[in-house]
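Single-letter residue listing:
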Amino acid sequence: ILDVMYNEACLEVSQDQKRKMADLDRWLADLMKGPPAFPGSVNLYDILPQGKSPNAMAQRTEDMCLVIEALNKHRVMIKDSFRTYASLALTQVNCLDTMSVTEMRVFLKDNRCSQRVLSKLNGIFTLSNRIDKAQDMSSKNDPGDSGAGELVLAEFLECLVRLAREQIPGKDHLPKKVAM
């Protein structure tokens, strides 16, 4: 809400731009609700293009919508892959709900990811597994946070998007890379 107020106060925003941003915000809100049993809240804002201009903000929101749409399109395959690879080391009852870095590495090798991606896996895994700074520390034990060393499905989705960005080198257009 503060971004919207900042745009209106400091930048010249045309009615067309306001309408476009409102449409994109509605589209994003609908996508964030997500299909049943599939996480809609994926944190990708730090890897999308940054900018304060209305056009840059609209592009970032549109890219976020396109990425979430691509993930939703393949949700059954993604969820099945997550459960399959998460169950590789059946050491605990809740193993089907979390994936370790070792299981993620096996997933990437089976999908023939490049050596470049495999070399960056530990950093990307850790980045996807972090506790959001905005999240209250008292909600650490939420089912949406897996704790140290394990990814839940929402974090797995974030990790997949970050890995897709690394898998296909070149100019960043994240929605196109995720769709591949």
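Our structure is the block above this text.
Thresholds, definitions, all that
- What you see as residue numbers is a count from 1 along each chain, following the sequence as written.
- The predicted origin of the model limits local features to residues at a pLDDT of at least 70 and limits the giving and counting of side-chain atom pairs to 80 or more, whereas totals for whole chains, interfaces and linings rest on all residues.
- Only heavy atoms go into the side-chain values, all of them from the structure, while hydrogens and water stay out.
- Nine residue types can take part in a nonpolar core, namely buried Ala, Val, Leu, Ile, Met, Phe, Trp, Tyr and Cys, and a core is a set of them joined through side-chain atoms within 4.5 Å.
- Exposure classes here rest on a 1.4 Å probe applied to the protein chains alone. A residue is buried below 20% of its type maximum, exposed above 50%, and partly exposed in between.
- Secondary structure counts use DSSP, requiring at least four H or I residues in a row for a helix and at least two E residues in a row for a strand, with both numbered from the N terminus.
- Each reported salt bridge corresponds to a side-chain nitrogen of Lys or Arg within 4 Å of a carboxyl oxygen of Asp or Glu.
- An expected span of 1.5 Å times one less than the residue number is assigned to each helix.
- The directions considered for the arc are those from the helix axis to the C-beta atoms.
- Contact definition: two residues touch when any of their heavy atoms are within 4.5 Å.
- Definition of a polar contact: a pair of N or O atoms within 3.5 Å, with one able to donate and the other able to accept a hydrogen when the atoms are protein atoms, and with sequence-neighbouring residues admitted only if both atoms are side-chain atoms.

Quick one: what's the story with the nonpolar core, residue by residue and with numbers?
The biggest cluster of nonpolar side chains holds 31 residues, and the ones touching the most others in it are Leu44, Met99, Met104, Leu108, Phe156 and Leu163. When contributions to this core are tallied by element, the ones reaching two or more residues are helix H2 (15-33), helix H3 (54-73), helix H4 (75-86), helix H5 (101-110), helix H6 (115-128) and helix H7 (153-167). Considering every element that reaches this core, the biggest residue donor is H7, with six residues.

Lay out the pattern of salt bridges in plain terms, naming residues and giving numbers.
All chains considered together, the criterion is met by seven salt bridges. Of the charged contacts in the structure, one is a salt bridge between Lys120 and Glu166, with a shortest N-O distance of 2.9 Å. In this pair, Lys120 sits in helix H6 while Glu166 sits in helix H7, placing the two residues 46 residues apart along the sequence. On the accessibility criterion, Glu166 (15% relative accessible area) is buried.

Quick rundown of H4? Include the residues and the values.
Taking 1.5 Å per residue as the helical rise, H4 with its twelve residues ought to reach 16 Å, and the 16 Å between its terminal C-alpha atoms agrees with that figure. When we look at burial in H4, the residues that qualify are Ile78, Ser81, Phe82, Tyr85 and Ala86. Considered in projection along H4, the buried side chains sweep an arc of 120° and stay on one side of the axis. Counted as exposed and oriented over 90 degrees from the buried face of H4: Val76 and Met77. Residues of H4 that are buried in the fold lie against H3, strand S1 (99-100), H5, strand S2 (150-151) and H7.

So what about the side chain of Thr98? Which residues, and what values?
Looking at the element boundaries, Thr98 is found in the loop between H4 and S1. On the basis of relative accessible area, Thr98 is assigned to the buried category, the value being 13%. A polar contact is formed between the side chain of Thr98 and the side chain of Glu150, at a distance of 2.9 Å.

So, the side chain of Arg60: which residues are in play, and what are the values?
Examined against the element boundaries, Arg60 turns out to sit in helix H3. Not counting residues within four places of it along the chain, the set of residues in contact with Arg60 comprises Tyr45, Leu48, Pro49, Gln50 and Gly51.

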